[in-house]
Amino acid sequence: MEFEDEAFVLAGRAHGENGAIAELLTLGHGRYPAFVAGGASRRIRPLLQPGTRVTARFRARTSEQLGSAALEASGSGPSDLFDDALALAGLAAAAAVAAGVLPEREPQPGAFAAFEALSGALRHDDIWPAVYVRFEAGILQALGFGLDLSRCAATGALDDLVWVSPRTGRAVSRSAGEPYRDRLLRLPPFLLSAQGGLSPGDVGDGLALTGFFLEQRLFSVLNRPLPAARLWLVDKLTQAGRL
């Protein structure tokens with residue numbers, strides 16, 4: 001079995017004396033692990049940094065076998081963000097979330113598109129934290145746990161949606177949710193519209209919202225906590241006054 005695909009590196013770990021195991025998020029084949037010969041070398045090791053965009057050529061005897069991959073750099077990657085520790089933290093968190101919940105060898109074009117959009121946005125300091133929240137919402141959507149923000153779950157109203165039910169993941173309007181506001185999750189306006197502006201607190205509300213559903217619907221089912229890289233990102237954004 002042989003194929004070539006575009007991919008983002010999600011993780012890389014040493015294997016044997018000179019090799020490595022790479023976790024890749026591919027365009028057409030989903031999350032795909034592979035052995036990378038020479039992964040410990042100075043030439044290939046930089047390609048195994050989370051978030052690196054590569055072209056991967058896979059080869060295996062059977063579809064069930066781990067197989068191997070030859071990697072070539074394709075486009076920009078973490079090296080472009082070398083002087084931006086906060087953006088690097090965002091990239092590492094996204095890679096850890098994707099590696100933690102995406103099933104192996106199942107096509108996930110929506111997850112790939114979400115990662116690609118975030119990767120492109122990381123060079124824009126003013127918007128990427130909001131795009132990161134959209135990335136996590138995209139992961140939830142790709143795995144069948146998307147938030148329903150189209151109308152109020154209680155009244156069917158289309159306007160003034162300001163909360164989300166933690167039980168159903170559906171939007172709730174201001175008037176319907178007011179008596180239960182202490183039990184609801186805040187819905188930042190930018191998740192309702194691409195044109196929605198950012199106000200102080202919106203990114204923090206968005207991370208709390210997607211983080212709740214990632215933890216409850218995905219990571220807890222797998223008996224895993226939210227990745228340390230994701231918790232680190234929230235800490236770094238808090239320290240930077242970005243939440």
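Up top is the structure.
Residues numbered from 1 in each chain as written. Predicted model: local features only at pLDDT ≥ 70, side-chain atom pairs only at ≥ 80, totals over all residues. Heavy atoms only, no water.

Asks: Run through the packing of helix α2 (residues 109-121) against helix α3 (residues 128-142), naming residues and quoting values.
Replies: The geometry of α2 relative to α3 is characterised by a closest axis approach of 9 Å and an angle of 175° between their N-to-C directions. Considering their axes alone, α2 and α3 lie roughly antiparallel with respect to each other. Here α2 contributes A111, A114, F115, A117, L118 and A121 to the contact with α3, which in turn contributes W128, V131, Y132, F135, I139 and A142. (Axes fitted to C-alpha atoms, helices over the stretch in contact; angles between N-to-C directions. Helix = DSSP H or I, 4+ residues; strand = E, 2+ residues; numbered from the N terminus. Parallel < 35°, antiparallel > 145°, perpendicular 65-115°, else oblique. Contact = heavy atoms within 4.5 Å.)

Asks: Explain the sheet that holds strand β6 (residues 161-164) to me, using residue names and the numbers behind them.
Replies: In spatial order, the strands read β7-β6-β8; together these three strands make up an open sheet with antiparallel pairing. If you trace the sheet from one side to the other, it starts and ends with β7 (171-173) and β8 (185-186), each paired once. Taken together, the three bridges between β6 and β7 define a ladder with antiparallel strand orientation. Pairing of V164 across the sheet is with A171, part of β7. (Pairing = 2+ DSSP bridges.)

Asks: Give a detailed account of the side chain of D202, specifying residues and quantitative values.
Replies: Relative to the elements of secondary structure, D202 occurs in helix α5 (residues 202-219). Dropping the residues within four chain positions of it, D202 is found in contact with P188, P189, F190 and G197.

Asks: Lay out α3 with the relevant residues and their values.
Replies: Taking 1.5 Å of rise per residue, 15 residues should cover 21 Å, and α3 covers 20 Å from first to last C-alpha, within 8% of that figure. Of all 15 residues in α3, twelve are buried; the element is thus mostly enclosed. Three or more residues of α3 are buried, namely W128, P129, A130, V131, Y132, V133, F135, E136, A137, G138, I139 and L140. In this structure, the buried side of α3 is in contact with α1 (85-101), α2, α5 and α6 (228-239). Once α3 finishes, G144 follows within two positions and takes phi at roughly 90°, a positive value. (Expected span 1.5 Å × (residues − 1). Buried < 20%, exposed > 50% of the residue type's maximum accessible area, 1.4 Å probe, protein only.)

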